[in-house]
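Each chain, written out:
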Amino acid sequence: MFLKKDVIVIGAGAAGMMCAIEAGKRGRSVLLLDHASKLAEKIRISGGGRCNFTNRHSRPEHFLSHNPHFCRSALARFTPQDFIALVEKHGIRYHEKKLGQLFCDESSQQIIELLRHECEAAGVTWQMPCRVNNVSRANAGGGRFMLETDRGTLSAETLVIATGGLSIPQIGASSFGYRIAEQFKLSVTPVRPALVPLIFGSEHPAGFSTLSGISIDAVVSCNGGRFRENLLITHRGLSGPAILQISSYWRPGILLHIDLLPDIDAASWLSDHRHGSARLPSLLAQHLPRRFAEAWTQAIVGERSEVPMNRYSHKDLEQIATQLHDWKIIPDGTAGYKKAEVTLGGIDTRELSSKTMEAKKVPGLYFIGEVIDVTGHLGGFNFQWAWASGYAAGQFV
């Protein structure tokens, strides 16, 4: 089989479908390819099955990149309200959780169906599953893109790579997009798991492995990032929103700084109880989970955790207060791509036009979504980047 199209989009996820929709609306003949047999699995499993499809407060400062200004143009041209309008057009009920996060009331499948219906309305055609074995140009100076697939040879004037990153390989993530970039001599910044739990080696800090499941409202900071959300202790390390957020900033060997009592002046509070007979763990249990308070105190002051408050000096309490506001720990690593929500790094944005997403050195070749070195914070921001970058490319492909 030999098939010619104006545009071929490889990757039928959030960004790929959005791009295909917009290109189809412009009258372009569009073919959408994906190696998976099920459509948009990453959308389906997102947000606990309800898809955190955007964030009302999405702004450029919620995204990480070696070039932090790259995302501004696309985000300005397709806003959260633009996608909300699409959701409302399809009659999908949604609700807002904390910090501007929007979720479907029912199922993430509704977002997949929305995108499928919009693709069909725009005349987009599909080939799924379809494995691309080779990509080339018709001639050395440019020309049409030629794709050798397990369904035959395909040809397109414009090629869009929307294949995502390496996160969640169990549903098909691969390095395909990075390999295409390298084939066409485009730079790729180093990639690593992001929005991912952090783990410890054989020894959990302070022996906390028995505290798995305990959640604490804390401020976690590291390497310029700072987040206040819940921190969750796991049997392997730390997770929860605060940790997933800070994981995008953390690097091996770097300390995490954790403020366990962000709303309290710990030094004054402990000083107020300095002459009492209560044990320090019992006092801390007024603001922290009791089992955690016991384990943390044992780790910080050892056997003295059993003595009453009136046995501590003013200096002792100042040191404990400092630890409460700046508990320092060093993770051994991350839980890896299997547990990561996204991939940090990717196609170097200096290689792309921020207006069109087209490769500057390879006319007709576009990259969108997670495969690019643009990574959002937790809470719907990465979907907003998918919609915005897909929309931007769709106006020009």
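Residues numbered from 1 in each chain as written. Predicted model: local features only at pLDDT ≥ 70, side-chain atom pairs only at ≥ 80, totals over all residues. Heavy atoms only, no water.

1. Overview of the packing of aromatic side chains
- By the definition in use, this model includes twelve aromatic pairs.
- Each ring, one from phenylalanine 53 and one from phenylalanine 83, has its centre 5.9 Å from the other, and the planes form 45 degrees; the classification is tilted. Linking phenylalanine 53 in strand E3 (residues 52-55) with phenylalanine 83 in helix H4 (residues 80-89), this pair joins segments that are 30 residues apart in sequence.
- Taking the relative accessible area as the measure of exposure, phenylalanine 83 reaches 0% and is therefore buried.
- Look at phenylalanine 83 and tryptophan 387: their rings are 4.1 Å apart centre to centre, the planes differ by 5 degrees, and that puts the pair in the stacked class. Here phenylalanine 83, found in helix H4, pairs with tryptophan 387, found in helix H12 (residues 381-394); they are 304 residues apart in sequence, far enough to count as distant. Take phenylalanine 83 and tryptophan 387: they sit in the same class, and that class is buried. (Phe/Tyr/Trp six-rings, centres within 6.5 Å; stacked < 30°, edge-to-face > 60°. Helix = DSSP H or I, 4+ residues; strand = E, 2+ residues; numbered from the N terminus. Buried < 20%, exposed > 50% of the residue type's maximum accessible area, 1.4 Å probe, protein only.)

2. Here we look at the pattern of salt bridges
- For the structure shown, the criterion picks out 19 salt bridges.
- Between glutamate 118 and lysine 89 there is a salt bridge, and its shortest N-O distance comes to 2.7 Å. In this pair, glutamate 118 is assigned in helix H5 (residues 109-121) and lysine 89 in helix H4, connecting sequence segments 29 residues apart.
- Judged by its relative accessible area of 6%, glutamate 118 falls in the buried class.
- Of the residues examined, lysine 89 reaches a relative accessible area of 58% and is grouped as exposed.
- For glutamate 306, the salt bridge goes to arginine 279, with nearest N and O atoms at 3.4 Å. With glutamate 306 in the loop between helix H10 (290-301) and helix H11 (314-325) and arginine 279 in the loop between helix H8 (266-272) and helix H9 (280-284), the pair connects residues that are 27 residues apart, well separated along the chain.
- Relative accessible area serves as the criterion here: at 49%, glutamate 306 is assigned to the partly exposed category.
- Under the relative-accessibility criterion, arginine 279 is labelled partly exposed at 22%. (Salt bridge = Lys/Arg side-chain N within 4 Å of Asp/Glu carboxyl O.)

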